[in-house]
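Here's the letter readout for the chains.
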Amino acid sequence: MSQFLTPSRRQFLRQSAGLAGLAAASSVLPFDIARAAGLTVGFIYVGPKDDYGYNQAHAEGAAAIKAIDGVTVIEEEQVPETVDVQKTMESMINFDGASLIFPTSFGYFDPHILTMAPKYPDVRFEHCGGLWTPDKPANTGSYFGYIGMGQYLNGIVAGHMTKTKKIGFVAAKPIPQVLLNINSFLLGARAVDPTITCQVIFTGEWSLAVKEAEATNALADQGVDVVTCHVDGPKVVMETGAGRGMFLCGYHANQSPLAPEKYLTGAEWNWSKVYTDMVNTTLAGGTIDNFVRGGLAEGFVKMSPLGPAVTEPARKQFDATMAEIMTGGFAVIKGPLNDNKGNVIATEGQAFAETDVALESMGYLVEGVVGSTS
């Protein structure tokens, strides 16, 4: 069963006298019907849920649990990382009876989830990202995947396909997960040819179409012929890149329909498995772990099918590396390795496996990445 918050309902909630009034009103309004049956789960998206990217990947995961008996799904899209998300969470709890909420955007955690969690100790708040620590409320948690492995595989294909030896990355913000993706993309390409460089441009926002187009064009102007990204909606980067004759490596979801001849492969989330597992755990009376992680082997991450332009040598190295990653413990960050300022990241024989929590506080770009975190 699924309900979707309409603009009129949101307007009603925004205009109500206050959050306390909402709580009191819930005992007399018909939305309490949702409390009567099974588990109500709320999903909150910072952008549109058909963005060919971050939000769509989560919405596909939400769609997977709608078929589970006894589960009602409530969704609201285009909720900014402001107090608005607190209002949305509160309405889902008080009007719809939601007891498991997935506020999916990175900026929803602090202070918004951390404000709501103590007020509603019987509600579980699950946040996508790496921000949960043991000092946070017990009814909060974080989940994420080792998608850097997917960007490493993207890089391998890009390394085979680039003719200029210049690959590019359009990124939103220099947070650890984004930096790991940039570094992984370059290191995958350098597993093919150690002379390849990766130019990165940060837009400063998760979703800003004008800057994403400008960044992609700037990369093309500098001779970049394969591009990927870490922004909420890769659609602009993919279409702009294809228009400039660049090959494309996707992210978040499968963007191959946007430019099938230029799309090489992509690192995708498989939130369907994650959300199904968490909902089934809740239905069975269990408690979701506060810190949930998984990669390709665990089904948290998947790769888009290789496109028609991918060469046979690229396919062979892609498949061989994928098989190695699937055995677990794969390390992209390994020595000898310096950052792009000359500082030692890993010495000879030192390696950081995909599960190493040190990677979740990454603050550097590796040698060969042209760009800065500041």
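Everything here concerns the structure above.
As the structure is a prediction and not an experimental result, all values here were calculated from the model.

Conventions and cut-offs
Counting from 1, residues in each chain are numbered in the order their sequence is written. Given that the model is predicted, a residue must reach a pLDDT of at least 70 before its local features are reported, and side-chain atom pairs must reach 80 or more before they are shown or counted; all residues, however, enter totals for whole chains, interfaces and linings. Values reported for side chains reflect all heavy atoms of the structure, with hydrogen atoms and water molecules removed beforehand. For helices the rule is a DSSP run of H or I covering at least 4 residues; for strands it is a run of E covering at least 2, with both sets numbered from the N terminus onward. Restricting the calculation to C-alpha atoms gives the radius of gyration, and the globule rule supplies 2.2 Å times the number of residues raised to the power 0.38. The criterion used for residue contact is that any of the two residues' heavy atoms lie within 4.5 Å. Each accessible area is a Shrake-Rupley result for a 1.4 Å probe, and residues are judged covered by the shown protein chains and nothing else. Under the counting rule used here, the positive set is Lys and Arg, the negative set is Asp and Glu, and His together with the chain ends is not counted. We put the charge of a Lys on NZ, of an Arg on CZ, of an Asp on CG and of a Glu on CD. Using a 1.4 Å probe on the protein chains alone, a residue whose accessible area is under 20% of its type maximum counts as buried, one over 50% counts as exposed, and one in between counts as partly exposed. Any Phe, Tyr or Trp ring, taking Trp's six-membered ring, that has another such ring centre within 6.5 Å forms a pair; planes under 30 degrees apart are called stacked, those over 60 apart edge-to-face, and the others tilted. We call a charge positioned over a ring when the NZ of a Lys or the CZ of an Arg lies within 6 Å of the ring centre and within 35 degrees of the ring normal. Here, nonpolar core refers to any group of buried Ala, Val, Leu, Ile, Met, Phe, Trp, Tyr and Cys residues whose side-chain atoms link them within 4.5 Å. For the purposes of these results, a polar contact is taken to be a pair of N or O atoms within 3.5 Å, where, inside protein, one atom must be able to donate a hydrogen and its partner to accept one; residues adjacent in sequence count only when each atom of the pair is a side-chain atom.

Undergrad: Help me out: how do you make sense of the overall build of the protein chain in this one?
TA: A tally of regular secondary structure across the protein chain gives 11 helices and 18 strands. Relative to its length of 374 residues, the protein chain is compact, with a C-alpha radius of gyration of 21 Å against a globular reference of 21 Å. In terms of its C-alpha atoms, the protein chain occupies a principal-axis envelope of roughly 65 × 40 × 40 Å. Long-range contacts, defined here as pairs at least 24 residues apart, represent 69% of the contacts in the protein chain between residues at least 6 apart. In the structure as shown, the protein chain presents an accessible area of about 14400 Å², 55% of it carried by carbon and sulfur atoms. Computing the positive centroid from 26 side-chain charges and the negative centroid from 38, the protein chain places the two 3 Å apart.

Undergrad: Help me understand helix H5 (residues 109-119), please; the structure alone is not making it clear to me.
TA: Note: α-helices contain 3.6 residues per turn, so residues at a spacing of three or four share the same orientation. Of all the positions in H5, only Phe109, His112, Ile113, Leu114, Met116 and Ala117 are classed as buried. Lining the buried residues of H5 we find helix H4 (83-94), strand E4 (100-103), strand E5 (124-128) and strand E6 (140-145).

Undergrad: Please clarify how the packing of aromatic side chains should be interpreted in this entry.
TA: The geometry of an aromatic ring pair is captured by two quantities: the separation of the ring centres and the angle between the planes. All chains considered together, the criterion is met by 12 aromatic pairs. Between Phe102 and Tyr275 the ring centres are 4.5 Å apart and the planes differ by 55°, which places this aromatic pair in the tilted class. Of this pair, Phe102 sits in strand E4 while Tyr275 sits in helix H10 (residues 271-283), and the two are 173 residues apart along the sequence. Taking the centre distance of 4.5 Å and the plane angle of 15° together, the rings of Trp269 and Trp271 count as stacked. Both residues of the pair, Trp269 and Trp271, belong to the buried class. What links up through ring pairs into an aromatic cluster is the set Phe43, Phe102, Tyr143, Phe144, Trp269, Trp271 and Tyr275. Here the guanidinium or amino end of Lys262 rests over the ring plane of Phe247, the centre of that ring lying 4.6 Å away.

Undergrad: I tried to follow the nonpolar core on my own but got confused; where do I start?
TA: The nonpolar side chains of soluble globular proteins are, as a tendency, buried together. Counting residues in each nonpolar core, the largest one holds 95 residues, and the members touching the most others are Val41, Phe43, Ile65, Tyr143, Ile182 and Ile333. If you tally residues by element for this core, the top one is helix H7 (residues 176-190), at 8 residues. Not counting chain neighbours up to four residues away, the residues in contact with Val41 comprise Ile65, Val71, Thr72, Val73, Ile74, Leu100, Phe102 and Val279. Of all hydrophobic cores here, the second largest spans 18 residues; its members include Val79, Ile113, Tyr120 and Phe125.

Undergrad: Teacher, can you tell me more about the side chain of Glu126 here?
TA: Its place among the elements puts Glu126 in strand E5. In terms of polar contacts, Glu126 uses its side chain to reach the side chain of Arg124, at 2.9 Å. Discounting residues that sit within four places of it in the chain, Glu126 has contacts with Leu100, Ile101, Phe102, Pro103, Gly141, Ser142, Tyr143, Met278, Ile288 and Asp289.

Undergrad: Just to check I follow, could you spell out unusual backbone geometry for this structure?
TA: Comment: phi is negative for the bulk of residues other than glycine, and the bulk of peptide bonds are trans. Each neighbour pair has its own omega, and for Asp110 with Pro111 the value is 15°, a cis peptide bond. Inspection of the secondary structure puts Pro111 in helix H5. Looking along the chain, the bond that leaves Gly335 and enters Pro336 is cis, with omega of 0°. With respect to the helices and strands, the residue Pro336 is situated in the loop between strand E14 (331-334) and strand E15 (337-338). Its identity as a non-glycine residue notwithstanding, Lys165 has a phi of 65°, on the positive side. Relative to the helices and strands, Lys165 resides in the loop between helix H6 (148-161) and strand E7 (166-171).

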